Every structure is written in C-alpha cells, then in structure tokens.
Amino acid sequence: MTGTAGRRVNLLDFDRPGLEAWFAALGEKPFRAVQVMKWIHQQGVTDFGAMSNLSKALRQRLPEVAELRLPEVISEQISDDGTRKWMLRLPDGGAVETVFIPEAGRGTLCVSSQVGCPLECSFCATGRQGFNRNLGTGEILGQIFLAARLLGQFPCTPARRRITNVVFMGMGEPLLNFDNVVRAINVMLDENAYGLSRRRVTVSTAGVVPAMDRLKEASPVSLAVSLHAPDDRLRDQLVPLNRTYPLKELLAACKRFAGEESGSHEQITFEYVMLDGVNDSSAQAHALVRLLAGIPAKVNLIPWNPVAGVDYRRAKPQAVERFRAILQRAGLITITRKTRGDDIDAACGQLVGRVAARAARHRRERATG
Ligand code: SF4
C-alpha cells in the first residue's frame, strides 16, 4: 500500500475502509477519509493545502506522508465519432490506454486492469503483446480520475457528470488482478466518490471461474463474459483459458453469478467477436442458443477489428445479421455492437496494440529532449 517511493503513501490506492484505517493510524478521526475522498474524487482537488475543511495541522502534515500519484497522460486522440482515447504512462515506464465512449444519455469509460494480458486470446491485439504486470488500485482509479478531469466533470454535479458507466474491457483480465480491481470498484461505487450504481460498472472476464464466485461475494457488479465460441474445441483455440475452465464450468459459474437459485436473475452479457468462417455459421448460432439456455443472457456481437499479423477476417455483415436473427428468434436479447473509434485504434481488441512502441518513442523523446 505504500508508494514506490517508499516514503509517501499514494492515497489513490485506498478505498474508504482502507483510508479510514490509514487516518486512524495517523491519529486522525476516520471521517477524514470521507472528507478527503470527496475532495479528490468529487472535486478533483489534488492539493492538500486546498482541502479547506481539514485542520490546518493536517493540511500541513499530509504532503509529508501522502501524495496523489497519477499516471501521466502521454497523448489524447479524439475520434470522428467523439470517442476519446488517452495513453497513460506509469511510473515504471509501462503504458496503458483508457477510452471514453459518449453515447446518447450516457458516457462509458473503458479502463485497463493490467499492463498487457497473460491470456493470449488468438484474435486480440493486447494478448499478442504479452503480459507485463497488474495495475495497482491507484493506477486503475487514476484512469477514471484523469478522464473525469479531462472531460470537465470536476467539481462533479449531476449536470456535469460525463462518466455514467465503467467497463473493465481495456487491457488485461480484471479477475486476475482481483484485489486491486475490487478496491477500485469500491471507490467507483462509493457515494463519497464517483457514486456509480453497481449495475453501471461491468467487469469483463474471459472466464476465470473461481474469481467469478469471489466477485459476486465481494462486489456484485455487472458481469460480461468473453465467450466467442459455442463449443470447447473452438473456444480452446480462440480463448486458451478455456483449456483450464471449459464451457461446462464457465456456464455453471455464470448460473451461480446470475443467482438462478436465489431467484435474483442478474443478467449476464456474453461477448462474441464475429470472425469470418470461424464462428459465424448458422449451426454455431443454434449451438450458442442451446449453450445459453437457462441463463438470463444478453449477447453482444462484436465486429472484429483487424490486428496486424493475425490471420482472421471480420465476419460479413450478412453473416452477422443471420447469426443475430437466429439468436433473437430464440428469445436472446442480441445487440450488434457498433464499432466505435476504430479510426484511432480504440475499438475492442485493438486497445494498446501500439502502446508499447509509442511509449518507447515517448521515453526516447524525453531522454533526448
Ligand atoms: S481478449 Fe481480453 S482476455 Fe483475451 S488476451 Fe485480449 S485482453 Fe486478454
């Protein structure tokens, strides 16, 4: 929990219970945690001296023992459709990307949870880049803080709110970075911070079955599952994690998460990237209908975005439409996701395809410049 500098604690690494404990250890009342969280996450204030309802002594002491360490924004790109993508550099030189997608009536922030990803899905740009490390809580929260600041959301009022939804669909498998992701979600949901409703925060997993059960216990947010295939043989190829947690186990975990036994019926979103001649046939659509029987499911069909060096093709529009019609006739809510921001490489599976190269260039420029 201490900063990499070893002396000062990064207050972005804490959720409310953590911050209360930290203030208690400092000899301060726990309510200081709520005051400081509001300053940071609702007012966008990072200067302890400006936190006017703290005692003068505390305002003077905080900079000696604590800091707000944020990733550095290296670049911002704005797509023709309004999608904004920021590349963020981390203190150790790693880089991640965060994407904001504005839509009528809502704004969705897509955050990263790891630098790279260890799961190596065969169609994914991030997976091909390899795995570097987990992000810390403060590095995940830093993404929403910076986006809120850059979008003009601070000081946050209902009228100024731009970020209404958060999806963990950027770089990385969030459930392999469980504790940091849950701590960051706690702050996103906290009424003293971003105050998002739990249904508006979505964790997307390739199917880390044991962590799906833990997530339901720790933080019952919305769940999306990257499915992409209706049978084990194909899914073993597309999502190698399937060899560890095959479809039977994954679907059983989905049923537990949906709360079928308790009757709570949480809807689960299944992501299905459409690949020409690989997973887009009518027979596969019918197999998917059978697979999802008994689960309160919504299916997102995603046009695949080309990745350099990957030998797939985007499914043809007619195939996507045929696939969608079969699912819909069977009663499955099915959405064909619009491709957003593909002129700036912000579309799903393209995230951070070129981050490593750009970050290296940026480091060289800084070193020489
Ligand atoms: S699709 Fe998701 S889980 Fe698979 S390699 Fe890419 S980032 Fe990782």
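Here's what I pulled together on the structure shown here. Since this is a predicted model, take the numbers as computed values, not measurements. Starting afresh in each chain, residues are numbered from 1 along the sequence in its written order. Predicted model: local features are reported for residues with pLDDT of at least 70 only, side-chain atom pairs are reported and counted for 80 or more only, and whole-chain, interface and lining totals are derived from all residues. Note that the side-chain values use all heavy atoms of the structure and ignore hydrogens as well as water.

It is worth spelling out the overall build of the protein chain at this point. Each helix and strand counted, the protein chain has 12 helices and 14 strands in total. For the exposure calls, accessible area comes from a 1.4 Å probe over protein chains only, and a residue counts as buried if that area is under 20% of its type's maximum, exposed if over 50%, partly exposed in between. When each of the 369 residues of the protein chain is scored for burial, the buried share is 54%. By the convention used here, residues are in contact when the closest approach between their heavy atoms is within 4.5 Å. Considering only contacts within the protein chain whose residues lie at least 6 apart along the sequence, 65% involve residues at least 24 apart. Using a 1.4 Å probe, the Shrake-Rupley method yields the accessible areas, and only the shown protein chains count as cover for residues. Accessible surface, the protein chain as shown: approximately 15900 Å² in total, 50% of it carbon and sulfur. Only DSSP runs of H or I covering at least 4 residues are called helices, and only runs of E covering at least 2 are called strands; the numbering of each starts at the N terminus.

This part covers the nonpolar core. Joining through side-chain atoms within 4.5 Å is the link that ties buried Ala, Val, Leu, Ile, Met, Phe, Trp, Tyr and Cys residues into a set, and such a set is a nonpolar core. Counting 107 residues, the largest nonpolar core has Leu11, Trp22, Phe168 and Phe270 as the members making the most contacts within it. What counts as a domain boundary in this text is fixed by an automatic or database domain assignment. When we break this core down by domain, the ones giving at least three residues each are domain 1 (9–67) and domain 2 (72–361). Apart from residues no more than four positions distant in its own chain, Phe168 is found in contact with Val111, Ser113, Ile140, Pro174, Val181, Ile185, Met188, Val201, Thr202, Val203 and Ser204.

As a further point, take the site of the ligand. Taken together, Cys117, Leu119, Glu120, Cys121, Cys124, Gly127 and Gly172 are the residues near the ligand. In this classification, the charged set is Asp, Glu, Lys and Arg, the nonpolar set is Ala, Val, Leu, Ile, Met, Phe, Trp, Tyr, Cys and Pro, and all remaining amino acids, among them Gly, are polar. A per-class count over the shell around the ligand returns four nonpolar, two polar and one charged. Proximity is defined per residue: any heavy atom of the residue falling within 4 Å of a molecule or strand makes that residue near it.

Before going further, it helps to examine unusual backbone geometry. Peptide bonds are trans in most cases, and residues, glycine excluded, mostly fall at negative phi. The omega torsion across Phe154 and Pro155 is -15°, close enough to zero to call that bond cis. For Pro155, the position within the fold is in the loop between helix H5 (137–150) and strand S9 (165–168). Its identity is not glycine, yet Glu120 carries a phi of approximately 55°, on the positive side. Tracing the sequence through the fold places Glu120 in the loop between strand S7 (114–116) and helix H4 (125–128). Under the relative-accessibility criterion, Glu120 is labelled exposed at 52%. With a phi close to 70°, His228 is a non-glycine residue in the positive phi region. Here His228 shows up in the loop between strand S11 (222–226) and helix H8 (232–238).

With 13 residues, helix H11 (residues 317–329) should cover 18 Å at 1.5 Å per step; its first-to-last C-alpha distance of 18 Å lies within 8% of that length. The set of residues buried in H11 consists of Ala319, Val320, Phe323, Arg324, Ile326 and Leu327. Around the axis of H11, the buried residues are gathered within 160° of arc, so they sit on the same side. Pointing more than 90 degrees away from the buried face of H11 are the exposed residues Pro317, Gln318 and Arg329. Check the buried side of H11 and you find it contacts strand S12 (268–274), helix H10 (282–291), strand S13 (297–303) and strand S14 (333–336). Phi turns positive one or two residues past the end of H11, at Gly331, with a value near 95°. In a helix, the anticipated span is given by 1.5 Å times the number of residues less one. When we speak of the arc, we mean the arc of directions from the helix axis to the C-beta atoms.

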